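Residue-level listing of the chains:
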Amino acid sequence: MTLDDFRKSTKQGSWKSHAKLLLNESKPSVETTAEFGTYWIEAGHHIREQVADDRILVRLLRHMLPPYEGGAITLFRGENLGRWEDRVVGLAWASNIDVARMFGRGLNSIISGGVLLTGYFESAAIISGSNAHSRYLGEEQFTIDPFYGTNILAIENFPPIS
């Protein structure tokens, strides 16, 4: 599968069915894993929205992304306040607090405001570490499993933007 194939799935709104197909296939090639990893950085919010089931999404991400091989780490996330209050946090976290603040003040603060989260994640709670595309963007994004039971704290709030 290529980056264009993943983009096509989003345009067609077919990630729910596509995820089920991918989960029934053997582990993808290194090339496919890299392509999916790039697309996850670019448009993971679309994949999550279309799959519409975080448990299936976590299974898909564990299947499609290279596994994290490091130790426990403190990570940060700029989250939408409404999602935080509903206890539905995102899966993309950053090792750099300023990157997380950027998302908390910006894209994730639309309508209800934003919140800066921090969590200490054991290695088993981290699905995948930062990839080349994430490093190129300066985001150092880690993908975490929100069901792992990590203690996550809100440390800053940001006003809503419209």
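Analysis parameters
Residues numbered from 1 in each chain as written. Predicted model: local features only at pLDDT ≥ 70, side-chain atom pairs only at ≥ 80, totals over all residues. Heavy atoms only, no water. Buried < 20%, exposed > 50% of the residue type's maximum accessible area, 1.4 Å probe, protein only. Helix = DSSP H or I, 4+ residues; strand = E, 2+ residues; numbered from the N terminus. Arc of directions from axis to C-beta. Contact = heavy atoms within 4.5 Å. Pairing = 2+ DSSP bridges. Phe/Tyr/Trp six-rings, centres within 6.5 Å; stacked < 30°, edge-to-face > 60°. Salt bridge = Lys/Arg side-chain N within 4 Å of Asp/Glu carboxyl O. 1 Å grid on protein atoms, 1.4 Å probe; cavity = no way out; pocket = protein on both sides within 12 Å on 5 of 7 lines; lining within 4 Å. Points joined across faces, edges and corners; volume = space filled by probe spheres on them. Nonpolar A, V, L, I, M, F, W, Y, C, P; charged D, E, K, R; others polar. Polar contact = N/O pair within 3.5 Å; in protein donor to acceptor, adjacent residues only side chain to side chain.

S.K.: Can you help me understand helix 1 (residues 3-12) in this one?
M.R.: Since there are 3.6 residues in each turn of an α-helix, residues three or four apart along the chain are aligned in direction. Buried within helix 1 we find Leu3, Phe6, Ser9 and Thr10. Projected onto a plane normal to the axis of helix 1, the buried residues spread over an arc of 120° and lie on a single side. Across helix 1 from its buried face, at more than 90 degrees, point the exposed residues Asp4, Lys11 and Gln12. If you follow the buried residues of helix 1, they end up packed against helix 2 (15-23), helix 3 (30-51) and helix 4 (54-64). Just past helix 1, the residue Gly13 takes up positive phi, approximately 65°.

S.K.: Where do I start with the pairing of strand 5 (residues 141-144) in this structure?
M.R.: Looking down a regular strand, the side chains alternate between one sheet face and the other. Of the two faces of strand 5, both are covered, the one formed by Gln141 and Thr143 as well as the one formed by Phe142 and Ile144. By the bridge criterion, three bridges tie strand 2 (residues 92-94) to strand 5 in an arrangement that is antiparallel. Residue pairing across strands places Ala92 opposite Thr143, the latter belonging to strand 5. In this sheet, strand 5 lies alongside strand 4 (residues 126-128) in antiparallel orientation, the contact comprising two bridges. Bridge assignment links Ser128 to a residue of strand 5, and that residue is Thr143.

S.K.: Explanation requested: the packing of aromatic side chains in the structure shown.
M.R.: The description of two aromatic rings rests on the distance between their centres and on the angle between their planes. Enumeration according to the criterion identifies six aromatic pairs in this entry. Aromatic pair Tyr68 and Phe142: ring centres 5.9 Å apart, planes at 70°, arrangement edge-to-face. Taken as a pair, Tyr68 in the loop between helix 4 and strand 1 (73-80) and Phe142 in strand 5 lie far apart in primary sequence, 74 residues in all. Seen in terms of ring centroids, Trp93 and Phe121 are 5.0 Å apart; in terms of plane orientation they differ by 70°. Their pairing is edge-to-face. Of this pair, Trp93 sits in strand 2 while Phe121 is found in strand 3 (residues 114-121), placing the two residues 28 residues apart along the sequence.

S.K.: Sorry if this is basic, but what is going on with the pattern of salt bridges here?
M.R.: Where charged atoms from two side chains of opposite charge approach closely, those side chains can pair. Applying the stated rule across the entire model yields eight salt bridges. One salt bridge connects Arg77 with Glu79, and the closest N-O pair in it is separated by 2.8 Å.

S.K.: Would you mind showing me how to read the layout of surface pockets here?
M.R.: Sizing a probe to match a water molecule and rolling it over the atoms shows the empty space that remains. In this model, the largest pocket occupies a volume close to 630 Å³. Sorting the residues of the lining of the largest pocket by element identifies helix 3, strand 1, strand 2 and helix 6 (97-105) as the ones contributing at least two each. Here the lining of the largest pocket gets seven residues from one element, more than from any other, and that element is helix 3. Its residues assigned to classes, the lining of the largest pocket shows 14 nonpolar, seven polar and five charged. One number sums up the size of the second largest pocket: a volume of about 240 Å³. What lines the second largest pocket is a set of 15 residues, and nearest its centre among them are Arg87, Val88, Val89, Pro146 and Ile152.

S.K.: What am I meant to see in the side chain of Thr118 here?
M.R.: For Thr118, the location among the structural elements is in strand 3. For Thr118, a relative accessible area of 14% puts it in the buried group. A polar atom in the side chain of Thr118 sits 3.4 Å from the backbone oxygen of Leu75. Leaving out residues up to four positions away in the same chain, Thr118 has contacts with Thr74, Leu75, Phe76, Trp93, Asn151, Ile152, Leu153 and Ile155.

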